[in-house]
Amino acid sequence: MPPTHPRHPFQTNDPSLQPIAEKVLAGNRLNFDDGVALYSSSDILAIGWLANYVREKLHGDTAYFNVNRHINPTNVCVASCRLCAFGRKKDAPGSYTMALEEAWQTAATGYSEAVTEFHIVGGLHPDLPFEYFLDLIRGLKQRFPQVHIKAFTMVEVAYLAKRAKLSILDTLVAMRDAGVDSLPGGGAEIFSDRVRHIICDHKIDGDEWLQTAATAHKLGLKSNATMLYGHVEADEDRVDHLLRLRAVQDETGGFQTFIPLAFHPDHTVLEHIPRTTGMMDIQQIAISRLLLDNFPHIKAYWQMMTPKIAQIALRFGADDIDGTVVEEKIYHDAGATTPQGMRRSDLVRLITEAGRVPFERDTLYRAVTRSEDTFTVAV
Ligand code: V47
């Protein structure tokens, strides 16, 4: 899929980027030191050129989006992560837990175009039984049989397994049998123990996150992966995170998309940390594209990056901007000022004006064709 416009030659004044460029152009893998050198370089245009080269080799001018809806069944969470403004203790002001009927009704509201994906994540609730979550999924499948269900982060899977006294494998099998089609990428944060201890010390550790993902992949469930950046991590922690994901992907091939997530500090314990800037967000997209050579897709999540930065990211290594979302709580509780959702036509316009070709995908990246208010997925 070659790009439709001519490419100008690679240029840089930064000598540390030259050997990296040679590797990228030859299709060779980058190593840890290359990753650190990329973060140390201020030549964002050269790094972006390389990331765009890889992106266009994989996807040409295509930029993917979907029509999806987020559902967060509960914000009650036992974890108290310092990075999070969404979780609440049970009975704390602002805490909520949806009754099943309410969750199913939420799924049907707020957007007139037929969604192809429900993205379902929530807090680690101390009392809700595993059956609640299985019934939630079964009820959604029954009511919306065409909609792909992308549900439960590795952190939720591990917590529900512990509470139900099941193995990770048996937990995932039960979820799959209830109707879970794939898993989202959240909860990965940063795998480094040092940083995890500061930002989310009650969560599963990095190895457990990776092992849970690998178990899902071996069952045939695809998943995404994320990395939370822009808090107390060092460049080396980010490179380590990306290379650990790459190693699991070599083994399983089950990751579809990597989504770098910029830390939003408002209303968190880490509120004193300044927000990431546009340059940092663009740099992160480009370096992710270059280091994760075995990930098919890099997503510039518009809710997190803002639509304007996400649009620019489509020329710096990203090939996906996520979807309509409809209702977002995790970033908005932490100070995001982006809209709650976007219409399909808004996403198409963002992509087109970035000089890319919009491609409506389902969660598994199959083409979605629409007529009036129905859709078909090319299987
Ligand atoms: O797991 C929590 C992160 C994630 C904050 O898989 C925060 O397609 C920034 O994972 N500032 C949820 N980030 C979002 C997520 C996601 C989003 C879009 C698409 C997909 C996908 C996954 O957000 C959490 C956590 O890592 N998060 N609090 C915060 N204050």
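Provided above is the structure to which this section pertains.
In this report, the structure presented in the accompanying data block is examined. Predicted, not measured: the structure shown is a model, and the values here were computed from it.

### Quick look at helix α10 (residues 235-252)
Its 18 residues give α10 an end-to-end C-alpha distance of 26 Å, which sits within 8% of 26 Å, the value for a rise of 1.5 Å per residue. Within the span of α10, buried status applies to Asp237, Arg238, Val239, His241, Leu242, Leu243, Leu245, Arg246, Val248 and Gln249. For α10, the secondary structure elements touched by its buried residues are α2 (32-40), α8 (193-199), α9 (206-218), β6 (222-229), β7 (255-262) and α11 (278-291). The positive-phi residue at the C-terminal boundary of α10 is Gly253, with phi of around 65°.

### Regarding unusual backbone geometry
It is generally the case that most residues other than glycine have a negative phi and that most peptide bonds are trans. Positive phi, close to 55°, is recorded for Lys165, a residue that is not glycine. With respect to the helices, strands and loops of the structure, Lys165 is situated in the loop between α6 (154-164) and α7 (168-178).

### Looking at α7
Inspection of α7 places Thr171, Leu172, Met175 and Ala178 among the buried residues, and these make up the whole buried set. Projected onto a plane normal to the axis of α7, the buried residues spread over an arc of 125° and lie on a single side. Structurally, α7 contributes buried residues whose contacts are with α5 (130-143), α6, β5 (182-183) and α9. Note on α7: the residue one or two positions beyond its end, Gly179, has a positive phi of about 130°.

### Looking at the sheet that holds strand β1 (residues 62-66)
The strand order β9-β1-β10 describes an open sheet built from 3 strands, whose pairing is parallel. Each edge of the open sheet carries a strand with a single partner, namely β9 (320-323) and β10 (357-360). When strand polarity is set aside, the average angle formed by the axes of neighbouring strands in this sheet is 25°. Of the pairings in the sheet, the one linking β1 to β10 comprises 4 bridges and is parallel in character. Within the sheet, the bridge partner assigned to Thr62 lies in β10 and is Val357. Contacting β1, β9 and β10, helix α15 (residues 344-353) crosses the sheet at an angle of about 165° to β1.

### Some words on the pairing of β1
Counting buried positions along β1 yields 5 of 5 residues, so the element is predominantly enclosed. Burial of β1 is two-sided: the residues Thr62, Tyr64 and Asn66 facing one way and the residues Ala63 and Phe65 facing the other way are all buried. In this sheet, β9 lies alongside β1 in parallel orientation, the contact comprising 2 bridges. Residue pairing for β9: Asn66 is matched across the bridge by Gly323.

### What to know about the packing of aromatic side chains
Taken as a whole, this structure holds 12 aromatic pairs when the rule is applied. Between Tyr132 and Phe133, the ring centres sit 5.0 Å apart and the planes meet at 85°, which makes this aromatic pair edge-to-face. Owing to a relative accessible area of 9%, Tyr132 belongs among the buried residues under this scheme. With 6.2 Å between their ring centres and 10° between their planes, Trp209 and Phe255 make a pair best called stacked. Of the two residues, Trp209 is situated in helix α9 and Phe255 in strand β7; the sequence distance between them amounts to 46 residues. By way of ring pairs, the aromatic residues Phe191, Trp209, Phe255, Phe258 and Phe295 are connected into one cluster. We note Arg143 situated over the ring of Trp104; from NZ or CZ to the ring centre the distance is 3.9 Å. Above the face of the Tyr365 ring, Arg361 is positioned so that its terminal group lies 4.4 Å from the ring centre.

Cut-offs used in this document
- Residues numbered from 1 in each chain as written.
- Predicted model: local features only at pLDDT ≥ 70, side-chain atom pairs only at ≥ 80, totals over all residues.
- Heavy atoms only, no water.
- Helix = DSSP H or I, 4+ residues; strand = E, 2+ residues; numbered from the N terminus.
- Expected span 1.5 Å × (residues − 1).
- Buried < 20%, exposed > 50% of the residue type's maximum accessible area, 1.4 Å probe, protein only.
- Contact = heavy atoms within 4.5 Å.
- Arc of directions from axis to C-beta.
- Pairing = 2+ DSSP bridges.
- Axes fitted to C-alpha atoms, helices over the stretch in contact; angles between N-to-C directions.
- Phe/Tyr/Trp six-rings, centres within 6.5 Å; stacked < 30°, edge-to-face > 60°.
- Lys NZ or Arg CZ within 6 Å of the ring centre and 35° of its normal.

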